[in-house]
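Letter by letter, the chains look like this.
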Amino acid sequence: MQKLIIALILFTSTASMAQQTTVKGAFLEKWNNSRDYLIAVAEAMPEEFYDYKPTARQKSFKEQLLHIQGNINWIDSSHFSRRETETASQDYYSFNKKQIIDLLQRTFNDAHNNISTTTDEELKEVVKFFAGPKSKLQLMNLLQDHVTHHRGQLLVYLNLKDITPPNFSGW
């Protein structure tokens, strides 16, 4: 039994290290941790403060979360998905906290699944983008950068409400 446990640990460690040695593998590992951290941030804010805005010109906490979700969905469905994407007919702004967290989980997981099946050659492909031609690799990195940018704002919202943000997990 001990040999089986040791073999399983070695296999898991080796698989994890192999994933970190490729650009896509490193991204996907970070993407999952980014998802988990954002979900922890979303869970930390009490639902009664989901409409909180520090100033009138800023998005509410809920709007920030839905903006992150919408951006992931847009880039993923436009450049990584292998299926036709249905246009959202649902008003996500009417969602409660649990529904928003579930939506974020699904959106992150869909992007993960689609990027994981994208080949290295496809990541080199240059596509039309509003900011000019970009490789899919650049768009993949933009996905993470955009999440980080808005999640940072959400951390300020938590602090302004005197809520201790979850501990950061960089990897």
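Here the structure is shown first, and the text comes after it.
Described in the following lines is the structure provided in the data block.

Definitions and limits used
In this numbering scheme, every chain counts its residues from 1 along its sequence in written order. Owing to the predicted nature of the model, reporting of local features is limited to residues with pLDDT of at least 70; listing and counting of side-chain atom pairs is limited to 80 or more, with chain, interface and lining totals taken over all residues. To get the side-chain values, all heavy atoms of the structure are used, and hydrogens and water are removed first. Should a side-chain nitrogen of Lys or Arg be within 4 Å of a carboxyl oxygen of Asp or Glu, the pair is scored as a salt bridge. Only DSSP runs of H or I covering at least 4 residues are called helices, and only runs of E covering at least 2 are called strands; the numbering of each starts at the N terminus. Burial classes: relative accessible area under 20% of the type maximum marks a residue as buried, over 50% as exposed, and values in between as partly exposed (1.4 Å probe, protein chains only). Between rings of Phe, Tyr and Trp, where Trp is taken as its six-membered ring, a pair exists when centres lie within 6.5 Å; planes separated by under 30 degrees are stacked, by over 60 edge-to-face, and by other angles tilted. Working rule for contacts: check all heavy atoms of both residues, and any pair within 4.5 Å makes them a contact. What makes a nonpolar core is a set of buried Ala, Val, Leu, Ile, Met, Phe, Trp, Tyr and Cys residues whose side-chain atoms join them at distances within 4.5 Å. For a helix, the expected span equals 1.5 Å multiplied by the residue count minus one. Polar contact is the term for a pair of N or O atoms within 3.5 Å; when the atoms are in protein, one must be able to donate a hydrogen and the other to accept it, and sequence-neighboring residues count only if both atoms are side-chain atoms.

## Regarding the pattern of salt bridges
A complete count under the given rule lists four salt bridges for this structure. For the salt bridge of Glu121 with Lys124, the shortest nitrogen-to-oxygen distance reads 3.2 Å. Separated by three residues within a single helix, Glu121 and Lys124 lie in helix 5 (residues 120–124), roughly one turn from each other. The class for Glu121 is exposed, based on a relative accessible area of 57%. The exposure class of Lys124 is exposed, given its relative accessible area of 56%.

## Concerning the packing of aromatic side chains
Going through the model one piece at a time under the given rule, you end up with ten aromatic pairs. Ring centres of Phe61 and Tyr157 lie 6.3 Å apart, and the angle between their planes is 50°; this geometry places the pair in the tilted category. Of the two residues, Phe61 sits in helix 3 (residues 61–79) while Tyr157 sits in helix 6 (residues 136–160), which places them 96 residues apart along the sequence.

## What to know about the side chain of His79
With respect to the helices, strands and loops of the structure, His79 is situated in helix 3. The exposure class of His79 is buried, given its relative accessible area of 13%. Look past the residues within four positions of His79 in its chain and what remains in contact with it is Val127, Lys128, Phe129, Lys136 and Leu139.

## Brief notes about the nonpolar core
Residues Trp31, Tyr50, Phe61, Leu65, Ile72 and Phe80 are the most contacted members of the largest nonpolar core, which totals 38 residues. At the level of secondary structure, the elements contributing two or more residues to this core comprise helix 2 (23–44), helix 3, helix 4 (97–116) and helix 6. Beyond its immediate sequence surroundings of up to four residues, Phe61 is in contact with Val41, Ala42, Met45, Phe49, Tyr50, Tyr52, Leu154, Tyr157 and Leu158.

## Describing helix 3
The terminal C-alpha atoms of helix 3, which comprises 19 residues, lie 27 Å apart, in line with the 27 Å expected from a rise of 1.5 Å per residue. For helix 3, the complete set of buried residues consists of Phe61, Lys62, Gln64, Leu65, Leu66, Ile68, Gln69, Asn71, Ile72, Ile75, Asp76 and His79. The inward-facing, buried residues of helix 3 abut helix 2, helix 4, strand 1 (126–127) and helix 6.

## Quick notes on the environment of Trp31
As for its placement among the helices and strands, Trp31 is situated in helix 2. You can call Trp31 buried: its relative accessible area is 0%. Along the sequence, Trp31 and Gln144 sit 113 residues apart, while their C-alpha atoms lie 7.0 Å from each other. With near-sequence residues (within four places) excluded, Trp31 lies in contact with Ile72, Phe108, Ala111, His112, Leu143, Gln144 and Val147. Here the side chain of Trp31 touches Phe108 through a polar contact of 3.0 Å, landing on its backbone oxygen.

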